[in-house]
Amino acid sequence: MRLRPLWLLLCVGCPGFNPVALKHWYPPPDEDLLQACTGERAARCTEQGMALIDAASAEKKPDQAARLLGAACQQGDAKACTVLDTRFTAPKRLDPLPALGGGLGRASPSYGEVACVITVAGEAIKCRSLRNGGYNATVTDALLRSHFTPAKFDGQPFESEYVERYSLPGNV
């Protein structure tokens, strides 16, 4: 019996992942922020996020703004999604991840997410597991050794979180 090879898949459209986060980049908002921005409150979160990056603001806070806008975008606030798409650039991993799975068969698919803070210098620090798919330790180790382009707001780099999503199919 020959096992199909396992690959790291790009998770666009993968089941199990937040479809909004796959389409629009934003650092993962915490649960309290998501709850504060639900329903009709999403527009208020968008306005709060916009205030943090307003041109008249003495000190811009793009990471906090992106989290607020992301939470609002997740609730369907079109303005928040547009600002994320037009003014923010996601961090990007420059090095490939190692092959995951080691060629071993899996009875069911595996989905995982690891978040790391990416510094302005393009280094990963403070990694944490968002969803354990069985390979988070391997992915975390690879991310800590990888190089990145940092997140940018209006072309200016800032420190923010990057989420690596991986998916391994089951051998059915």
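Our structure is the block above this text.
Here we summarise the structure given alongside this text.

Procedures and definitions
- Residues numbered from 1 in each chain as written.
- Predicted model: local features only at pLDDT ≥ 70, side-chain atom pairs only at ≥ 80, totals over all residues.
- Heavy atoms only, no water.
- Disulfide = S-S within 2.5 Å.
- Buried < 20%, exposed > 50% of the residue type's maximum accessible area, 1.4 Å probe, protein only.
- Pairing = 2+ DSSP bridges.
- Helix = DSSP H or I, 4+ residues; strand = E, 2+ residues; numbered from the N terminus.
- Salt bridge = Lys/Arg side-chain N within 4 Å of Asp/Glu carboxyl O.

### So, the state of the cysteines
A complete count under the given rule lists 3 disulfides for this structure. Across the disulfide from Cys37 sits Cys45; the S-S distance is 2.0 Å. Around the S-S axis, the bridge from Cys37 to Cys45 shows a dihedral of about -95° and counts as left-handed. Note on cysteine connectivity: Cys73 is disulfide-linked to Cys81, with sulfurs 2.0 Å apart. Since a negative S-S torsion denotes a left-handed disulfide, the Cys73-Cys81 link at about 105° is right-handed. Each member of the pair, Cys73 as well as Cys81, carries the same accessibility label: buried. Sequence-ordered numbering of the bonded cysteines in the chain gives a disulfide pattern of 1-2, 3-4, 5-6.

### Quick look at the pairing of strand E4 (residues 124-131)
The side chains of a regular strand alternate, residue by residue, between the two faces of the sheet. Judged from the 5 bridges that link them, strand E3 (residues 110-118) and E4 form a sheet pairing that is antiparallel. In the strand pairing of E4, Val117 is matched with Ile125. From the end of E3 to the start of E4, which pair antiparallel, there are 5 residues, and Gly122 there has a positive phi angle of about 85°.

### Structural notes on the pattern of salt bridges
Scanning the model with the defined rule gives 8 salt bridges in all. Between Glu161 and Arg67 there is a salt bridge, and its shortest N-O distance comes to 3.2 Å. One end of the pair, Glu161, is in strand E8 (residues 160-168); the other, Arg67, is in helix H4 (residues 62-74), and 94 residues separate them in sequence. Exposure class is identical for Glu161 and Arg67. Each is buried. Ionic pairing is found between Asp154 and Arg87, a salt bridge with its closest N-O pair at 2.6 Å.

### Let's talk about the sheet that holds strand E6 (residues 151-153)
Two pairing modes exist for strands in a sheet, parallel and antiparallel, and in both the strands are linked by backbone hydrogen bonds. Pairing in this open sheet of 3 strands is antiparallel, and the strands run E1-E6-E7 from one edge to the other. Of all the strands in the sheet, just strand E1 (88-89) and strand E7 (156-158) have a single pairing partner and so form its edges.

### Some details on unusual backbone geometry
With a phi close to 50°, Lys126 is a non-glycine residue in the positive phi region. Residue position: Lys126 is located in strand E4.

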